[in-house]
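# Observations on chain architecture
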Amino acid sequence: MHLNISVTVSECLLKATHLRRGHHREEEMTQLSRRQVLQLGAAGLLLGNGAMISAAHAEGDTVTIAYNVNLPSWDPTTGLSAVNPTIQAIYRSVFDQFVGQKPTLEFQPGLLTEWGWSDDKKQVHMTVRDGVKWHDGSPFTAEDVVWSLERAGKQDGGNPIAFIWGKINNFKIDGNKITADVVQFEPTLFKWMAFLTGYVMPKAYYEKVGAEGFEAKPVGTGPYMVDQFERNAFVRLKANPDYWGGKPAFGTVVFKFVPDATSRVAEIESGSSDVTVDVPFEEFDRLKSKDGLAGVATPVSDIGMIFINNVDVMNDKNVRMAAAISIDKKAIVDKLLRGYATPIDTLEAPQYAAFDASIKVPYDPEKAKELLKASGYSTEKPAKFKIQTTKGLKPKDYEMVQAIVGMWRKVGIEAEIEVYEIAKHYELRAADQLAPAAFYNWGNAIGDPTTSTGFAMFGPSPHSVWNTDDLDAMIGPLWGEADEDKRIAGWKAVDKYIAENAYVIPLIQYQQPILYKKSVKVTPNIAGSPEPAQMSKA
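The present account deals with the structure reproduced in this document. One numbering rule holds for all chains: residues counted from 1, following each sequence as written. Given that this is a predicted model, residues contribute local features only at a pLDDT of at least 70 and side-chain atom pairs are listed and counted only at 80 or more, while totals for whole chains, interfaces and linings are drawn from all residues. Values reported for side chains reflect all heavy atoms of the structure, with hydrogen atoms and water molecules removed beforehand.

### Focus: the overall build of the protein
Condition: Secondary structure elements are taken from DSSP: a helix is a run of H or I of four residues or more, a strand is a run of E of two residues or more, and numbering for both begins at the N terminus. The buried label goes to any residue with under 20% of its type's maximum accessible area, the exposed label to any with over 50%, and the partly exposed label to all in between, with areas taken from a 1.4 Å probe on protein chains only. Residue contacts are counted whenever heavy atoms from the two residues lie within 4.5 Å of one another. Calculation of accessible area relied on Shrake-Rupley with a 1.4 Å probe; when residues are assessed, cover is drawn exclusively from the protein chains displayed.
From N to C terminus, the protein includes 18 helices and 21 strands. When the 538 residues of the protein are sorted by exposure, 59% land in the buried category. Intrachain contacts of the protein at a sequence separation of at least 6 include 70% that bridge at least 24 residues. Of the roughly 20900 Å² that the protein leaves accessible, carbon and sulfur atoms contribute 50%.

### Structural notes on unusual backbone geometry
Not every positive phi belongs to a glycine, and L105 is a case in point at roughly 85°. Within the fold, L105 resides in the loop between strand 4 (99–101) and strand 5 (107–109). One non-glycine residue, A502, lies in the positive phi region at around 50°. Using a relative accessible area of 1% as the deciding quantity, one classes A502 as buried.

### Quick word on the pattern of salt bridges
As a reminder of what qualifies: Throughout this description, the term salt bridge denotes a Lys or Arg side-chain nitrogen within 4 Å of a carboxyl oxygen of Asp or Glu.
One pass over the full model with this rule turns up 27 salt bridges. In this structure, K537 engages D61 in a salt bridge whose closest nitrogen and oxygen atoms are separated by 3.4 Å. Note that K537 is positioned in strand 21 (residues 536–537) and D61 in the loop between strand 2 (52–53) and strand 3 (62–67), a separation of 476 residues in sequence. Here D61 falls in the partly exposed class, since its relative accessible area comes to 40%. For E269, the salt bridge is made with R286, and the minimal N-O distance between the two is 3.0 Å. Of this pair, E269 sits in helix 9 (residues 261–270) while R286 sits in helix 10 (residues 281–287), placing them 17 residues apart in sequence. The exposure class assigned to E269 is buried, which follows from its relative accessible area of 17%. Judged by its relative accessible area of 36%, R286 is partly exposed.

### Some remarks on the side chain of S529
The condition is simple: Polar contacts, as used here, are pairs of N or O atoms within 3.5 Å; protein pairs need one atom able to donate a hydrogen and one able to accept it. Residues neighboring in sequence count only if both atoms are side-chain atoms.
Secondary-structure assignment places S529 in the loop between strand 20 (520–521) and strand 21. Take S529: its relative accessible area is 10%, and that puts it in the buried class. Side-chain polar atoms of S529 contact the side chain of Y67, separated by 3.4 Å. Of note is the side chain of S529, whose polar atom sits 3.2 Å from the side chain of Q512. Setting aside chain neighbours within four positions, we find S529 in contact with Y67, A89, V277 and Q512.

### Some remarks on the sheet that holds strand 8 (residues 168–174)
Note: strands within a sheet are paired through backbone hydrogen bonds, in either parallel or antiparallel orientation. Applicable threshold: Paired strands, in this sense, are two strands between which DSSP finds at least two bridges. Note on geometry: axes are lines fitted to C-alpha atoms, helical ones only across the stretch in contact, with angles between N-to-C directions running from 0 to 180 degrees.
As summarised here, the arrangement of the 4 strands in space is 6-7-9-8, forming an open sheet in which the pairing is antiparallel. Where the open sheet ends on each side, the last strands, each with one partner, are strand 6 (112–117) and strand 8. Going from strand to strand, the sheet's axes swing by 15° on average, the running direction of each strand aside. Sitting on the sheet, helix 5 (residues 142–153) is in contact with strand 6, strand 7 (123–128), strand 8 and strand 9 (177–182), with an inclination near 175° to strand 8.

### With respect to the packing of aromatic side chains
As a reminder of what qualifies: Each pair of aromatic rings taken from Phe, Tyr and Trp, with Trp reduced to its six-membered ring, is defined by centres within 6.5 Å and is described as stacked if the planes are under 30 degrees apart, edge-to-face if over 60, and tilted in the remaining cases.
Summed over all chains, the structure comprises 30 aromatic pairs. The interplanar angle of 45° and the centroid separation of 6.0 Å between the aromatic rings of F98 and W165 together place this pair among those described as tilted. In this pair, F98 sits in the loop between helix 4 (88–94) and strand 4 while W165 sits in helix 6 (residues 162–165), placing the two residues 67 residues apart along the sequence. Accessibility classification places F98 together with W165 in one group, the buried group.

### Things to note about the pairing of strand 18 (residues 437–443)
Counting buried residues in strand 18 gives 7 out of 7 residues, a clear majority hidden from the surface. Along strand 18, one buried face is formed by A437, F439, N441 and G443 and the opposite face, lined by A438, Y440 and W442, is buried too. Inspection of the sheet shows strand 14 (residues 293–308) paired to strand 18 by 7 bridges, in the antiparallel sense. Of the residues in strand 18, the one forming a bridge with I306 is F439. One ladder, built from 2 bridges, connects strand 16 (residues 383–389) with strand 18; its direction is parallel. Within strand 18, the residue paired with I387 across the bridge is A437.

### Here we look at the pairing of strand 11 (residues 234–239)
Where strand 10 (residues 224–230) and strand 11 come together, 6 bridges link them in antiparallel fashion. Considered in strand 11, the bridge of M225 is made with K238. With antiparallel pairing between neighbouring strands as the criterion, strand 10 and strand 11 make up a hairpin whose turn holds 3 residues, including N232 at a positive phi of roughly 70°. Here strand 11 pairs with strand 12 (residues 252–257) via 5 bridges, running antiparallel. Among the inter-strand pairings, R236 is bridged to a residue of strand 12, identified as V254.

### A short note on helix 5
For the record, the criterion: What a helix should span is 1.5 Å times the count of its residues minus one.
Over its 12 residues, helix 5 runs 17 Å from end to end, which matches the ideal 16 Å to within 8%, given 1.5 Å per residue. Where burial is concerned, most of helix 5 is hidden: 10 out of the 12 residues are buried. For helix 5, every residue scored as buried is listed here: A142, D144, V145, V146, W147, S148, L149, R151, A152 and G153. On its buried face, helix 5 is in contact with strand 6, strand 7, helix 6, strand 8, strand 9 and helix 8 (203–216).

### Focus: the environment of N467
Secondary-structure assignment places N467 in the loop between helix 16 (453–457) and helix 17 (469–475). C-alpha separation for the pair N467 and V311, spaced 156 residues apart in sequence, amounts to 9.8 Å. If near-sequence neighbours (up to four positions away) are discounted, N467 is found in contact with N310, D432 and G459.

### Some points on helix 11 (residues 317–325)
For helix 11, the tally of buried residues reaches 7 of 9 residues, placing the bulk of the element in the interior. Of all the positions in helix 11, only V319, R320, M321, A322, A323, A324 and I325 are classed as buried. By the N-cap criterion, in which a side-chain oxygen at the helix start approaches the backbone nitrogen of a residue two or three places on, helix 11 is capped by D316, the distance to N318 being 2.9 Å.

### Thoughts on the nonpolar core
To keep things clear, this is the line we draw: Nonpolar cores were defined as sets of buried Ala, Val, Leu, Ile, Met, Phe, Trp, Tyr and Cys residues, with membership established by side-chain atoms within 4.5 Å.
Residues M193, I306, W408 and M457 are the most contacted members of the largest nonpolar core, which totals 155 residues. Not counting the four nearest positions on each side in its chain, W408 is found in contact with I306, A323, S326, I327, F385, I387, I413, A415 and I505.

### Comments concerning the environment of I303
Position of I303 relative to the elements: it lies in strand 14. Measuring from C-alpha to C-alpha, the distance between I303 and A341 comes to 9.6 Å, with 38 residues separating the pair along the chain. Sequence-distant contacts of I303, that is, excluding residues within four places in its chain, are made with I344, T346, L347, E348, A349, Y352, Y440, N441, W442, I508 and Y510.

And the structure:
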């Protein structure tokens, strides 16, 4: 059937492949009509190597997900992709974490069944799950856990969170029991074991095949095994029949990498995909009541924010504060996001441990004008800077920035918009080379203030672009604070100070729109995108 597709549709399919590969996106999107885009989904996905994935149907044993990001690397513990929250649903399908986490964010046993501190906080202890196999059939052991933790803690090993993992060492193994010495007390250590880079890797297999071999054929202990991977196009996974958590409901999972939001809408509307995420909210409202489809939008732990880099005009507090208080967040939520978000004023969402509802940054455009005037700026002589953003990664990300730039223009700020892919954001942020302002979606699936305010705002953090001694002096002592009440109170004080100085501009807590066929039962995940292992046949 697929070999007889007409030339017109084949040409459209090829265009869509180029779009997904990031080539000439703006130019080529104008050549695709809505009808053509729908034809793409109905026909299937033509890959650059001539292969084709036909439209999959969840009524069978396959679930196909139109996903909003590409997968740059298969190692979930190294490189910039390892700290991309959006990718974790794919990683969690193939690999298991030290500590598990429910869709509601509660922690649960993973490859560790028990974990904790000694009374004096000078040692940690862990119990390793018995009876687990790697995808190549070899047994999972305590040696894999220790090797993974030692590898993660090497400062030159490529793990972006090495400074966390390196705080324990001198591991000892006794059967399935592990102990380690504490180099420096880290209150969030075990929380990180359920978060970014907190995955167990196969010691013997990795040492045998090396990094290149692992990329070619990744092996984990997770609910699914990698069957086929076409970079920038798709990954097909097969159910792990020996999974310790029970065989998942679907025998095959296909993640199609569809960064363009319009194309994701076409995927679900045409029936080519069974599930998709982060579509524009007007399309979500339109399609969720369509025959055969359903939709759910629930709050997730992600925060829409604007990074402020302490360069150029952003070193002027008046400019920063004017930028913050001239944004009408409620209008953005009500008019642009159709109510599917909540305005926030700190980097702590209500589900986070250090959320403080008393911290407010009120909308006050007249005050913004006064602040700018005090620094010599006006609508005739505006403060100028660049703001960077993604386009289509999250619903209305680009449109939000457009609206904000319009609000800024009315008070005396002229901002130039630069669009980039999310991978470029990570590259620039790691090098501390973001523009003076940069829109971003910050994920914090473990809800701790260190993994929101801490990593985003502490100067030495590889994830921060704000670097000033005053803030670092407040944050520094909190990293190792053993008194939990004092630690949380300290982070609340930091958040208040940040708000008073407009060192960052928090905007919204997201709701994630998920569209799916009624033949699929989808469990929303507060951590972000739903995971295939949590899907079943309706």
